Amino acid sequence: QVQLVESGGGLVQAGGSLRLSCAASGSPFSINDMSWYRQAPGKQRELVARITVGDRENYADSVKGRFTISRDNAENTVYLQMKDVKPEDTAVYYCTAQIRRYRWSRQGDYWGQGTQVTVSS
């Protein structure tokens, strides 16, 4: 079974840094776009950052200049480097990826279980 597992979440002080990781297990045939979403209490889920196979990046305006998304295709892993974090960054962060499980499979969206990031003021 193909799964996405996030790690690196936790408690961090405002102004600090945190690095999230998300690794795809189960030996997928290929992985296309990989993204980070987040959902804060009382708010809708939002796209934080997205990265393509060609390393093209897209960020939410609220995190531009502070967060950096990257990927290691050899390790089937996507990262989110969070710098100068703010209390409003507090949310559950979800990793998602466009994954083709087998050569004969159609690409589908896979989601991790989420990891809590809490920024203290």
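Located above this text is the structure these notes cover.
Note that the structure is predicted; figures quoted are calculated from it, not measured.

## A closer look at the packing of aromatic side chains
- Per the counting criterion, the structure on display carries two aromatic pairs.
- Summarising the aromatic geometry, the rings of Y37 and W111 are spaced 5.0 Å apart at their centres and angled 45 degrees between planes, so their arrangement reads as tilted. Of this pair, Y37 sits in strand β4 (residues 30-39) while W111 is found in strand β10 (residues 108-111), placing the two residues 74 residues apart along the sequence.
- With relative accessibility at 22%, the residue Y37 sits in the partly exposed group.
- By relative accessible area, W111 is classed as partly exposed at 33%.
- Ring plane angle 5 degrees and centroid distance 4.9 Å describe the contact between Y102 and W104, whose orientation is recorded as stacked.
- The exposure class of W104 is exposed, given its relative accessible area of 71%.
- For the cation-ring pair, R19 lies above Y79, with the distance from its terminal atom to the ring centre recorded as 4.0 Å.
- Above the face of the Y37 ring, R45 is positioned so that its terminal group lies 5.3 Å from the ring centre.

## Details of the sheet that holds strand β1 (residues 3-7)
- Strands sit in the order β1-β3-β8-β7 across an open sheet of four strands; the sheet is antiparallel. Strands with a single pairing partner mark the edges of an open sheet, and in this sheet they are β1 and β7 (67-72). Strand-to-strand twist across the sheet, computed as the mean angle between neighbouring axes with direction ignored, equals 15 degrees.
- Of the pairings in the sheet, the one linking β1 to strand β3 (residues 18-25) comprises five bridges and is antiparallel in character.

What counts and what doesn't
Residues numbered from 1 in each chain as written. Predicted model: local features only at pLDDT ≥ 70, side-chain atom pairs only at ≥ 80, totals over all residues. Heavy atoms only, no water. Phe/Tyr/Trp six-rings, centres within 6.5 Å; stacked < 30°, edge-to-face > 60°. Helix = DSSP H or I, 4+ residues; strand = E, 2+ residues; numbered from the N terminus. Buried < 20%, exposed > 50% of the residue type's maximum accessible area, 1.4 Å probe, protein only. Lys NZ or Arg CZ within 6 Å of the ring centre and 35° of its normal. Pairing = 2+ DSSP bridges. Axes fitted to C-alpha atoms, helices over the stretch in contact; angles between N-to-C directions.

The quantities given are spatial measurements derived from coordinates; they are silent on function.
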